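Chain by chain, the residues run as shown.
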Amino acid sequence: MTKHYVLAAGGTGGHMVPAAALAAELMKRGHHVALVSDARGVRFPELFDGVQTHVLPAGRFAGGPLGYAKALREMWRGRAMARELYKTFRPAAVIGFGGYPAMPALLAAFAHKIPTAVHEQNAVLGRVNRLVARRVDAIATSYERTERLPEKLIAKTHLVGNPVREAVLALRTRPYPLLEADGIFRVLVTGGSQGASVLSQVVPDGLAMLPPTFRRRLQVTHQARIEDIDAARAQYAEHQIAAELATYLPDMPEQLAWAHLVIGRAGASTIAELTAAGRPAILVPLPSATDDHQTANAREMTDIGGARTIPQQKFTAVELAKQMQKLGLDPAALENAAGRACSIGRPYAVGDLADLVESLDAPRARLPVTTRQQKAAYA
């Protein structure tokens, strides 16, 4: 039966990518989907082709009493607009992906008694998801352990994983790239959709400290911020390291396919793609991330041996060179790390999330018991 669904997400890539993956899956199943976000979210190129989009006001709770009062006014105005949308679109369920722009859509759904769920991409339940967690019908998580999730809500919590692009998921069937003792060693450096200045400042000098025989084998692809790219390019050239730099990598799945090692942040989408594809990594969590969620994101992959985590305050050229030598000089260890990363990937995330969404307006007995089934499927 064709149904209507509303997806509500904040305007960052971490929220929008899984929302787009779910939208595509629901439309593939014959449903109609509408997106509610802010002005940033509806500008993501090609993510929501064929999806009707709505920009609703949503204030951010910051700036003291005056800021809070303004945010509440904006939130209430967005709620009223969402209620008008629901009168014509008549959604079977509303799904929030975090971020303040998701809040008005969820508040309107509560008022209309429309079934609701939230999806949490990080290993720490986000602020907006925490605010609504007790009122929604289901909580979908991406990690075995999600911090800030009250124990009394576990009964309605379902481990589904974080959806990734089909092009990345396809890498799961491709073998880890052959790494010969004296062959090319491909390094992918990425700070996520916004880049990361610390990677541009540290990585070129860290790679330069490697033994000459190892350094000559390097082939680096580095995504850098526009304000950092010229300086980073000059550093690589000075150290005679073969490197290709860009502010945006449109062929990221293919870059990931050929990478022997990834150096990057620990955002939710990055971890999901590394574990889906099975690529070892050196992770440098963003220290200013809300609730330090990137450190939590990196924990599972690091604990299982698929990555090494270096806190940013300890991320120096010397430390990077030390970790690179431990990993890069042993091809068998790298391939083993790739396998361990792959072992915690959740390739059925988008399908399992769509199953959960479709069940929201069904009788309680039909709600999927996802966690144990998925653990068996991932084994």
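This structure is a prediction, so every number in the text was calculated from the model and none was measured. (Residues numbered from 1 in each chain as written. Predicted model: local features only at pLDDT ≥ 70, side-chain atom pairs only at ≥ 80, totals over all residues. Heavy atoms only, no water.)

Asks: Help me out: how do you make sense of the pairing of strand β2 (residues 32-37) in this one?
Replies: Consecutive side chains along a regular strand alternate between the two faces of the sheet. For β2, the tally of buried residues reaches five of six residues, placing the bulk of the element in the interior. Alignment of strand β1 (residues 4-8) against β2, held across five bridges, turns out to be parallel. By the bridge assignment, Tyr5 is partnered in β2 with Val33. In this region the chain leaves β1, passes through helix α1 (residues 13-28) and returns to the parallel neighbour β2; the handedness of that crossover is right-handed. In this sheet, strand β3 (residues 52-55) lies alongside β2 in parallel orientation, the contact comprising four bridges. Bridge pairing links Ala34 to Gln52 in β3. (Buried < 20%, exposed > 50% of the residue type's maximum accessible area, 1.4 Å probe, protein only. Helix = DSSP H or I, 4+ residues; strand = E, 2+ residues; numbered from the N terminus. Pairing = 2+ DSSP bridges. Right-handed = clockwise from strand over helix to strand, strands pointing away.)

Asks: Looking at this structure, I do not really get the pairing of strand β11 (residues 261-264). What am I missing?
Replies: Neither face of β11 is open: one carries Leu261 and Ile263, the other Val262 and Gly264, and all of them are buried. Relative to β11, strand β8 (residues 185-190) is paired through four bridges, and the arrangement is parallel. Residue pairing in the sheet places Thr190 in a bridge with Gly264 of β11. Strand direction decides the pairing type here: β11 and strand β12 (residues 281-283), joined by three bridges, are parallel. Residue pairing across strands places Gly264 opposite Leu283, the latter belonging to β12. This β-α-β element, β11 to helix α10 (residues 268-277) to β12, shows right-handed connectivity.

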